[in-house]
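# Structural features, examined
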Amino acid sequence: MLSFAAGLVTLALILVELNQERSLSLRILYLGLAYLGLFACAHLAVRRWAPYADPVILPCVALLNGLGLVVIHRIDLAMEGTVFPDGSTWDPMAFKQVIWTAIGLLLFAATLKFLTDHRTLARFGYTFGLAGLVALMLPGVLPGFIAPEINGAKIWLRIGPLSIQPGEFAKILLMVFFAAFLVSKRDLFTVAGRRFLGMDLPRARDLGPLFAAWGVTVAVMVLQKDLGSSLLFFGIVLVLLYVATERAAWVVLGLGLFSGGAIVAWKLFGHVQQRVANWQDPISRYELVGGGYQISQSLFGLATGGIGGAGLGAGRPEMIPEANTDFITAVIGEELGFIGFAALLLVYMIFALRGLRSAIAVRDSFGKLLGGGLAFAVCFQVFIVVGGVTKLIPMTGITAPFLSKGGSSLLANYVLVALLLRISAAARAPQRAPKPKPQQPAIADQHTVMVERPK
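Right, let's walk through the structure included here. Worth saying up front: this structure is predicted, and the values here are computed from it rather than measured. (Residues numbered from 1 in each chain as written. Predicted model: local features only at pLDDT ≥ 70, side-chain atom pairs only at ≥ 80, totals over all residues. Heavy atoms only, no water.)

### Considering the overall build of the protein chain
Along the backbone of the protein chain there are 15 helices and 4 strands. Of all 455 residues assigned to the protein chain, the portion counted as buried reaches 48%. Counting only contacts in the protein chain whose residues sit at least 6 apart along the sequence, the fraction spanning at least 24 positions is 72%. In the structure as shown, the protein chain presents an accessible area of about 22800 Å², 66% of it carried by carbon and sulfur atoms. (Helix = DSSP H or I, 4+ residues; strand = E, 2+ residues; numbered from the N terminus. Buried < 20%, exposed > 50% of the residue type's maximum accessible area, 1.4 Å probe, protein only. Contact = heavy atoms within 4.5 Å. Areas by Shrake-Rupley, 256 points an atom, 1.4 Å probe, with all protein chains shown as cover.)

### Quick notes on the side chain of Asn 413
Along the polypeptide, Asn 413 turns up in helix α15 (residues 408–428). Residues within four places of Asn 413 in sequence aside, it is in contact with Lys 171, Pro 401 and Phe 402.

### Quick notes on unusual backbone geometry
Although it is not a glycine, Glu 322 adopts a positive phi angle of roughly 55°. Topologically, Glu 322 is positioned in the loop between α12 (293–305) and α13 (328–361). For Glu 322, a relative accessible area of 35% corresponds to the partly exposed category. Even without being glycine, Phe 402 reaches a positive phi, approximately 70°. Its place among the elements puts Phe 402 in the loop between α14 (365–389) and α15. Taking relative accessible area as the criterion, Phe 402 reaches 1% and is therefore assigned buried.

### Brief notes about the packing of aromatic side chains
Overall, the coordinates contain 13 aromatic pairs when judged by the stated rule. Clustering of aromatic rings is evident, with ring pairs tying together Tyr 126, Phe 177, Phe 178, Phe 181 and Phe 233. (Phe/Tyr/Trp six-rings, centres within 6.5 Å; stacked < 30°, edge-to-face > 60°.)

### Here we look at the pattern of salt bridges
Here the structure, examined in full by the defined rule, presents 6 salt bridges. Arg 119 is paired through a salt bridge with Asp 117; the nearest N and O atoms lie 2.8 Å apart. Judged by its relative accessible area of 22%, Asp 117 is partly exposed. Between Lys 171 and Glu 168 there is a salt bridge whose closest N-O contact spans 3.3 Å. Linking Lys 171 with Glu 168, this pair stays in helix α6 (residues 166–184), spanning 3 residues, or about one helical turn. A relative accessible area of 10% means that Lys 171 is categorised as buried. Residue Glu 168 is classed as buried on the basis of its relative accessible area of 6%. (Salt bridge = Lys/Arg side-chain N within 4 Å of Asp/Glu carboxyl O.)

Next up, the structure:
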């Protein structure tokens, strides 16, 4: 399956070059060989340190990562030679994406090697929770020269020439915390309080963690102006609560709390009102600064692609701002059409299903909750990204897992995949037979000893 993914990615790179009416260059060969070599090493790492892991998860990730590399290379070709108003020129991103992929796969292999049992994470659940909260809130409280506001959101930390998005790592840390917390405190959340509208509502004193998660979500929305991360974080908390308790009341209460917080934020903060207005009617706000230009161009591109797409290399991705990050799925929809876009979503669906299957099969409760949360996080993030691109929900500004350009998202998601493969290996590993007890020889075979009676 990895060889098939590598061949498909190399063919896609060739098609991009041909549709741009360029002669095939060695750059295609370098990109294809680098891609194949990296994932061959990742395959060997899985065979060495997690031999019983699900064999479908890594090929799905490889195909998604490879398709993202193809589209980023396609955008590089379209933007080649572009001069921006500040005098700078377009900087190609494809080889940088290969480097970030290599670093991500190093973290992937290191996680598989040093984390031999996923249950050891539960021992440090509260430590991970504190670290996750600090990482999530840090950009919102630091000054602008360290945490600049980019595209209306304050989610980056700038350290010299490098930029990092700590929220990508915070979601994994917080998932470990909530999984460990819910396993140890599960009885508190299953005790019913009053019955209302056919639902057994939890007791008021047990709502503390839900209100804490809601408070952190609203704080992220206010301090960082980041609607996507707040929605993603709160959605993960609700799913973990539902999986742990099997009670829909938690989901209903959580959705009510989030809706109330979103309405209050819409009333109080201008950037939220702007996002909602762009979502409602982007065409009428097409020429306004911070208006609906980006989402309108995305919709135009999807309409141009139609059912079969314009073809790889035959679209106009340079017309969409931030095409290689937030709106990379719009480029895929334009050049591969509805068929290619649906195939992309099916690959994500297969990844999520295999992850959920591993979570169901693992024997310990912590592994079930963590595996389910990890698989759902990727699936829900795709929903938020695609929903924003297609105007199903307001734009959020988060990146498509494994597809978009960038280092923080790619590194965090490869750690997520390693954790999921570790849980999968524990679920699929054969149970060890108990050691046979030594059998006592029969009484008839015992030696007899003559004992003289003392006189």
